[in-house]
Amino acid sequence: MVAITNGTLTARIHPLGAELWSLSDANGREYMTDGDPAYWTGHAPLLFPIVGALNGGTYRLEGEEHALAKHGFARKSWFAVVERRPDRVRFELRDNERSRTAYPFAFALTVEFALSGSTLAATATVRNAGDRTMPFSFGFHPAFAWPLPEAGAKEAHRVIFAENEPEPIRRIDPASATLLPQSEPTPAVGNVLVPTAALFEKDALIWDRLNSRALSFVGE
């Protein structure tokens, strides 16, 4: 683990996937999931060069077929530490012989974690290191403690979007892991979503027409 701290917060990041495993305050309260395998072993994987899954796990590019696993390979790749200070660290993943088999492009993915006061900022940058157009997707996939420390019961938590979210959502086909064609009504009321375990029994909630570019996860 690579640890950074500013006295107010401490973050621990695993070089495998440059994945944030822990975010705790000066009192030792933990804000990330515990990775209980009964539910999900992840903490905050980085999704690159795709978010989601491909039909059959393959895609065709310029007449050649490539196999690419769900959410890509970054989350299972070792990142190099290229810069480190007490309160920040920057990781980098570059293409290699193995990655080019699944994704035949030259790239550099850098991820910086920086602490400032009571805030952790995670910034990802993707650079095309080749000379041709490079299609890609990138996603953060953090899993927070629920309930949050000293934030009341689970039932008191809310996801508050920056804007109202009236558009329908999409779901994932459990057989193929691809998007189902039909949509469902939004579970948000205005800009507020009340999370429940039942809401996620059918996997992720996907807004493909999202108004917000920010949200908050809060308790009482």
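The model shown is predicted, which means the values in this text are computed figures rather than measured ones. Numbering of residues starts from 1 in each chain and follows the order in which that chain's sequence is written. In keeping with the predicted nature of the model, local features appear solely for residues at pLDDT of at least 70, side-chain atom pairs appear and are counted solely at 80 or more, and the whole-chain, interface and lining totals rest on all residues. Side-chain measures were taken over the full set of non-hydrogen atoms in the model, leaving aside hydrogen atoms and water.

**Some thoughts on the pairing of strand β8 (residues 88-94)**
Operational definition: If DSSP finds at least two bridges between two strands, the strands pair. Strands are runs of DSSP state E lasting at least two residues, helices are runs of H or I lasting at least four, and both sets are numbered from the N terminus onward.
Here strand β7 (residues 80-85) runs beside β8; their pairing, made up of five bridges, is antiparallel. Within β8, the residue paired with R84 across the bridge is V89. Counted along the chain from β7 to the antiparallel partner β8, the turn is two residues long. In the sheet, β8 pairs with strand β9 (residues 107-116) via seven bridges, with the strands oriented antiparallel. Considered in β9, the bridge of R90 is made with E112.

**Side note on the packing of aromatic side chains**
For the record, the criterion: Any pair of Phe, Tyr and Trp rings, taking the six-membered ring for Trp, is counted once the centres come within 6.5 Å. Such a pair is stacked with planes under 30 degrees apart, edge-to-face with planes over 60 apart, and tilted for the rest. Two conditions define a charge located above a ring, namely a distance within 6 Å from the ring centre to NZ of Lys or CZ of Arg, and an angle within 35 degrees of the ring normal.
If you walk through the whole model with that rule in mind, you get 12 aromatic pairs. Counting every residue linked through ring pairs, the aromatic cluster contains F48, F73, Y103, F105, F107 and F136. Positioned above the aromatic ring of W146 is the side chain of K154, whose terminal nitrogen or guanidinium carbon lies 4.8 Å from the ring centre.

**Some words on the sheet that holds β7**
Keep this limit in mind: Note on method: axes are straight lines fitted to C-alpha atoms, helices fitted across the in-contact stretch only, with angles between N-to-C directions ranging 0 to 180 degrees.
An order of β7-β8-β9-β10 is seen for the four strands of this open sheet, with the pairing classed as antiparallel. Of all strands in the sheet, those with a lone pairing partner are β7 and β10 (119-128), marking the two edges. Along the sheet, successive strands turn relative to each other by an average axial angle of 15°, direction set aside. Where β9 meets β10, 10 bridges bridge the pair, whose relative direction is antiparallel. By the bridge assignment, A108 is partnered in β10 with R127.

**Some remarks on unusual backbone geometry**
Residue P49 is bonded to the preceding F48 through a cis peptide linkage, with omega at 5°. Relative to the assigned elements, P49 resides in the loop between β4 (46-47) and β5 (58-61). Cis geometry marks the peptide bond from W146 to P147, where omega comes out at 10°. A positive phi is found at E62, a non-glycine position, where the angle reads about 50°.

**With respect to the environment of A143**
Put simply, the rule is: The contact definition used throughout considers only heavy atoms, calling two residues in contact when any of these lie within 4.5 Å.
Tracing the backbone shows A143 in the loop between β11 (139-140) and β12 (158-161). Those residues in contact with A143 that lie beyond four places of it in its chain are M32, T33, W40 and H43.

**A closer look at the side chain of D95**
For clarity, the cut-off: Whenever two N or O atoms come within 3.5 Å, that pair is a polar contact, provided that in protein one can donate a hydrogen and the other can accept it, and provided that, for residues adjacent in sequence, both atoms are side-chain atoms.
Counting through the fold element by element, D95 comes out in the loop between β8 and α1 (97-102). Looking at D95, its side chain comes within polar contact range of the main-chain nitrogen of F107, at 3.0 Å. Among residues more than four places away in sequence, those in contact with D95 are R100, F105, A106 and F107.

**Focus: the pattern of salt bridges**
Counted only if it meets this: Here a salt bridge means any side-chain nitrogen of Lys or Arg lying within 4 Å of a carboxyl oxygen belonging to Asp or Glu. Exposure categories follow from relative accessible area, calculated using a 1.4 Å probe and restricted to protein chains: below 20% of the type maximum is buried, above 50% is exposed, and the middle band is partly exposed.
Tallied over the entire structure, the rule returns 13 salt bridges. Two residues, R94 and E92, come together in a salt bridge whose shortest N-O distance is 3.1 Å. Look at R94 and you get partly exposed, because its relative accessible area is 40%. Close ionic contact of E167 with R209 constitutes a salt bridge, the shortest N to O distance being 3.5 Å. Linking E167 in the loop between β12 and β13 (169-172) with R209 in the loop between β15 (192-193) and β16 (215-218), this pair joins segments that are 42 residues apart in sequence. Judged by relative accessible area, E167 falls into the partly exposed class, the value being 27%. Salt bridges sharing common partners tie together D25, R29 and E150.

**Focus on the environment of D87**
Within the secondary structure, D87 is located in the loop between β7 and β8. Among the residues examined, D87 registers a relative accessible area of 25% and is labelled partly exposed. When the C-alpha positions of D87 and L9 are compared, they lie 9.2 Å apart, and in sequence the two are 78 residues distant. In contact with D87, other than residues within four places in its own chain, are I4, T5, N6, F113, A114 and L115.

**Here's the deal with the sheet that holds β15**
The strands making up a sheet associate through backbone hydrogen bonding, with each pair oriented either parallel or antiparallel. Read across the sheet, three strands follow the order β15-β12-β16 without closing on themselves; strand pairing throughout is antiparallel. With one partner strand each, in any of the chains shown, β15 and β16 form the two edges of the open sheet. Relative to β15, β12 runs antiparallel, the two being bridged by two bridges. The partner of I160 across the bridge, within β15, is V192.

As far as function goes, none of this settles anything; it's purely spatial.
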